[in-house]
Amino acid sequence: MSETIKFTIDGKECQGTKGQLLVDAAADNGVYIPVLCHMRDLIPAGSCRMCTVKVNGRNMAACTTPAEEGMAVENNTPEFLDIRKAIVEMLFVEGNHFCPACEKSGNCDLQALGYKYQMMVPRFPYAFERREIDATTPKIFLERNRCIFCKRCVRVIKDEEGRSIFAFKGRGTTLEINIDKKLAATMTDEMAQQAMDICPVGCILKKEIGFVTPIGQRKYDTMPIGSDIENNHQ
Amino acid sequence: MKEKIISIVEAHGSDASRLMDILLNVQSTFGHVSAEAVSLLATMLRISEVDVVQTLSFYHFFSTTAVGKYAVYMNNSVVSCMMGMKDVVDEFEKQTGVKFGNTTADGKIGLYYTACIGMNDQEPAALINGIVFNELNRQKVRDIVAGMKVGIPVQDMIAHYGDGNNANPLMKSMVHNNIRKTGAVVLSDYTLGIGIAKALTSDAKSVIKEMKESNLRGRGGAGFPTGMKWDFCSRESGVHYIICNADEGEPGTFKDRVLLTERAYMLFEGMTIGGFAIGAAEGILYLRHEYTYMKAYLENVLKDMRIKNFLGNNILGRGYNFDIRIQMGAGAYVCGEESALIESAEGKRGEPRNRPPFPVQKGYKGKPTVVNNVETFCSATRIIEKGAAWYNTLGTSESAGTKLLSISGDCKFPGVYEIEWGMSINAMLEMVGAENVQAVQVAGPSGICLPPNQFHRKIALEDLPTGGSMIVIGQQRDILKDVVLNFMEFFADESCGSCVTCRSFNMILRNAIEKVVAGHAIKKDVENMQAWSEILRKTTRCGLGQTSSNPISTTIKNFPELYDARVKDVDYQSDFDMEKSVKASCEVVGRSSEVHELAKVNIN
């Protein structure tokens, strides 16, 4: 039997099970904590830092912190709203994101968070980093300009023997997402589609078919990111 | 090539978790790790090529292209620059005819920069094929390059041996210990085996109790209570591991180098005591790549301890089995972070793990693991020998015992000092013969840049905590250019890149301080730097990002006048840098990129 626990987020009484990740426990209580790298039931990466909250006075990533009895969590405070907006802005200056021309526009979590936090002009100087595009594998078009290093593909997409098809290369500012040429050649259409679907931005694209759903009729065109979680519990 | 690689992989049990050693072996055998080698390794280890590349591309001393028959890695950290690196670099480039970052056309000599190599007390220093060349000057460089040109092996270029074990036939190193002050705990006389015999005749619980009562706190810098760490770990079930963090990478620290050279037995004894306390049968010494020159000596110490039955099966007839292996690093500052170190020891990129779980719960290979610093283990040996009560008579009420300081920079007597916690910075400066001091960089780049009006403060965990790096900065130095910019370049290079904020902010902050140094910044830029440092500190996963903005934030706080002198109080100033923008194209046509004063006026 899992143990039920009580905690609060911005004063709201919440319930969850002991050990459940805070970000998931919050969602179950209708509280949206923004994420880019997190996916439920996947080993947390803790890399995008969007879900940073204050727990009992300490800054923690809600995607790596287990919910505990009596936690007092600060989520939508002016401090964290600004930090999250800053992180979105930072991702926009670090990569090269041109939303109007992107196949993922309207389905992109980064773009949706830009709207949510009403980003106008990034406060940081653009890096204009040169990033190589890789179109050499049969099924996947890797548009590195848009990669935000969430590691979702690294964690999810494996071949039959459990070997990684995607992995990091380099470190710091030379970091890039790498695709295994040999193993990528064995990917099925379903795997390629899954890789594209879990990519929160437009970095991993499945080749050949695009823009099936017109822009304007896509996921975030009609409802802001996080509203599904918040509306479920009103 | 194929046969050789197959034998390397098989020598490591075809085990992917030994990828670090396998790559190190391939690198040293062939001078690089080729695409062919990557493919072969992936097949043999049953992992994907991108996973081999993931590890290969993370570490500084791995290379996918040939590094040269003689690979020169010049330390370009702050103190090396202070001590005249520029001349040494100039002479290397002049003698070889290539710029740093390149290899000579015949593939013979490669010149590269590297971060602090733990020789701050004898700079400028470089590693050449793993051998330390210290106190370099133009004449020495001329001799070295002349030797390279006629093919003299690097080990034959060693002019003289350093003191103590540096002269040991297995070490044969020019490095000096520079032990300036010995204290009661680690650098006083030591006899092998007293601590371990005491521990083994008592029981694990009593050892942990003694350690807790000693109030010893981790000597790597974070200051976590050692006894508590051992206690937490010992409560977990199953296989346990004990790891010594000898990845001394904080620029300016070199005290572990001296302990590894002169107190290796004491260190391994401490690991054995720790292993006994937590119930581990296996220990790992994670040794930074820069200290490869000590490896043969350290292996021999382990061998000697096995012969004397201080390691191996049924140690001292007390039924305890324990042994230690050495894991080499490959050049990554972030691997000094304990969970990144564990990842690295498992053959992966050195990326810090999320917590929880903590290493004491799930560490090396997912098993409960204690990671302690070299000095911590040496202290543990002495504590078990002489008792917690004795240990508590040293130091301050909140910081028991002694601390090794690595002091370098603008002072007469750079070296290693074992002091009791509680010494003031003023007293320290007097001890090292430093005059006209502008600042002291306490605890390395991730610490504080301390101004003279705070020199009364005490070196102690409750006031000025430190892992031991102390860089004395004289009046003649340009702190923002010579120190802060250098530190920020270091952090931008060394971030593992996994956290958005650490990867990006360190780059953004490095560019921002560069703008200040170039004289292009306005007041608002400095305010931004402060605000952005704060976001970085609040949102990153590990200690690197939480402290990497300190060079900027502590100088803005403690030396505001340095910024005021360089920034303009206007709303807007172009940060376009003509010289920088045309540098590459000017080099192509062989012209100086220097923009004349008149042209500058016109641009502005």
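What you are looking at is a predicted structure, and each value in this text was computed from that prediction instead of being measured.

Student: I keep staring at the overall build of chain B and nothing clicks. Help me out?
Tutor: Helix and strand counts for chain B come out as 25 helices and 15 strands. Dimensions of chain B, computed from the C-alpha atoms along their principal axes, are close to 85 × 60 × 45 Å. Within chain B, the proportion of its 604 residues that are buried is 61%. When contacts within chain B are restricted to residue pairs at least 6 apart in sequence, long-range pairs at least 24 apart make up 72% of them. By element, 51% of the accessible surface of chain B is carried by carbon and sulfur atoms, the whole surface being about 22900 Å². Positive and negative side-chain charges of chain B, numbering 64 and 69 respectively, have mean locations separated by a distance of 3 Å.

Student: What is the right way to read the overall build of chain A from this model?
Tutor: Assigned secondary structure in chain A consists of eight helices and nine strands. Expected size for 234 residues packed as a compact globule is a radius of gyration near 17 Å; at 18 Å, chain A falls within 12% of this value. In terms of overall dimensions, chain A has C-alpha extents of about 50 × 45 × 35 Å along its principal axes. Within chain A, the proportion of its 234 residues that are buried is 56%. Here the analysis covers contacts within chain A between residues at least 6 apart in sequence; of these, 63% occur between residues at least 24 apart. For chain A, the exposed surface amounts to about 10800 Å²; the carbon and sulfur share of it is 52%. Averaging the coordinates of the 30 positive side-chain charges in chain A and doing the same for the 31 negative ones gives two points 4 Å apart.

Student: In this structure, what is going on with the domain arrangement of chain A? I would like to understand it.
Tutor: Interface size, as often reported, equals the accessible area lost upon joining of the parts. All names here are of chain A. As assigned here, chain A comprises domain 1 (4–76) and domain 2 (98–222). Distance between the C-alpha centres of domain 1 and domain 2: 26 Å. Between domain 1 and domain 2, the contact holds 13 residues from the first and 14 residues from the second. By the criterion of area lost to domain 2, the three top residues of domain 1 are Leu36, Met39 and Leu42, representing 50% of everything that side buries. At the boundary of domain 1 with domain 2, the tally comes to zero salt bridges. There are five residue pairs in polar contact (both at pLDDT 80 or more) connecting domain 1 and domain 2.

Student: How should I be thinking about the environment of threonine 261 of chain B in this particular structure?
Tutor: Residue and element names in this part refer to chain B. Mapped onto the secondary structure, threonine 261 falls in helix α11 (residues 255–262). Given a relative accessible area of 0%, threonine 261 falls into the buried group. When the C-alpha positions of threonine 261 and alanine 280 are compared, they lie 25 Å apart, and in sequence the two are 19 residues distant. Look past the residues within four positions of threonine 261 in its chain and what remains in contact with it is Asn165, Asn166, Met171, Asn177, Met294 and Tyr297.

Student: Please explain the interface of chain B and chain A as it appears in this structure.
Tutor: Between chain B and chain A, the residue contacts involve 41 residues of the former and 43 residues of the latter. With both chains or domains summed, chain B and chain A bury close to 3400 Å², and 54% of this area falls on carbon and sulfur atoms. The interface formed by chain B and chain A contains six salt bridges. Residues arginine 46 of chain B and glutamate 161 of chain A are paired through a salt bridge, measuring 2.8 Å at the closest nitrogen-oxygen approach. For the pair chain B and chain A, the interface holds 25 residue pairs in polar contact (both at pLDDT 80 or more). Top element by residues in the side of chain B that touches chain A is helix α19 (residues 500–517) of chain B. It accounts for seven residues. Split into classes, the residues belonging to the side of chain B that touches chain A amount to 16 nonpolar, 14 polar and 11 charged.

Student: Sorry if this is basic, but what is going on with the pairing of strand β7 (residues 280–287) of chain B here?
Tutor: Side chains on a regular strand alternate between the two faces of the sheet. All names here are of chain B. Counting buried residues in β7 gives six out of eight residues, a clear majority hidden from the surface. Bridge count for strand β6 (residues 240–246) against β7 is seven bridges, and the pairing is parallel. Opposite isoleucine 242, over in β7, you have glycine 283 as the bridge partner.

Student: Mind showing me how you'd approach the side chain of serine 105 of chain A here?
Tutor: With respect to the element layout, serine 105 of chain A can be found in the loop between α2 (78–94) and α3 (109–116). Ignoring sequence-local partners within four residues, the contact set of serine 105 of chain A consists of Cys99, Gln111, Ile215 and Arg218 of chain A.

Student: What's the story with the packing of helix α12 (residues 264–278) of chain B against helix α15 (residues 374–386) of chain B in this structure? I'm lost.
Tutor: Helix-helix packing is described using two parameters, namely the angle between the two axes and the distance between the axes. All names here are of chain B. Taken N-terminus to C-terminus, the directions of α12 and α15 make an angle of 75 degrees; their axes are 7 Å apart at the nearest point. By the angle between their axes, α12 is roughly perpendicular relative to α15. Within the contact between the two elements, α12 uses Met266, Leu267, Glu269, Gly270, Met271 and Ile273 and α15 uses Val374, Phe377, Cys378, Thr381, Arg382 and Ile384. Looking at the contact of α12 with α15 residue by residue, the class counts come to eight nonpolar, two polar and two charged.

What counts as what
Residues numbered from 1 in each chain as written. Chains lettered and ligands numbered in written order. Predicted model: local features only at pLDDT ≥ 70, side-chain atom pairs only at ≥ 80, totals over all residues. Heavy atoms only, no water. Helix = DSSP H or I, 4+ residues; strand = E, 2+ residues; numbered from the N terminus. Buried < 20%, exposed > 50% of the residue type's maximum accessible area, 1.4 Å probe, protein only. Contact = heavy atoms within 4.5 Å. Areas by Shrake-Rupley, 256 points an atom, 1.4 Å probe, with all protein chains shown as cover. Lys, Arg positive; Asp, Glu negative; His and termini not counted. Charge placed at Lys NZ, Arg CZ, Asp CG, Glu CD. Rg over C-alpha atoms; globule rule 2.2 N^0.38 Å. Domains from an automatic or database assignment. Buried area = accessible area lost by both parts, 1.4 Å probe. Salt bridge = Lys/Arg side-chain N within 4 Å of Asp/Glu carboxyl O. Polar contact = N/O pair within 3.5 Å; in protein donor to acceptor, adjacent residues only side chain to side chain. Nonpolar A, V, L, I, M, F, W, Y, C, P; charged D, E, K, R; others polar. Pairing = 2+ DSSP bridges. Axes fitted to C-alpha atoms, helices over the stretch in contact; angles between N-to-C directions. Parallel < 35°, antiparallel > 145°, perpendicular 65-115°, else oblique.

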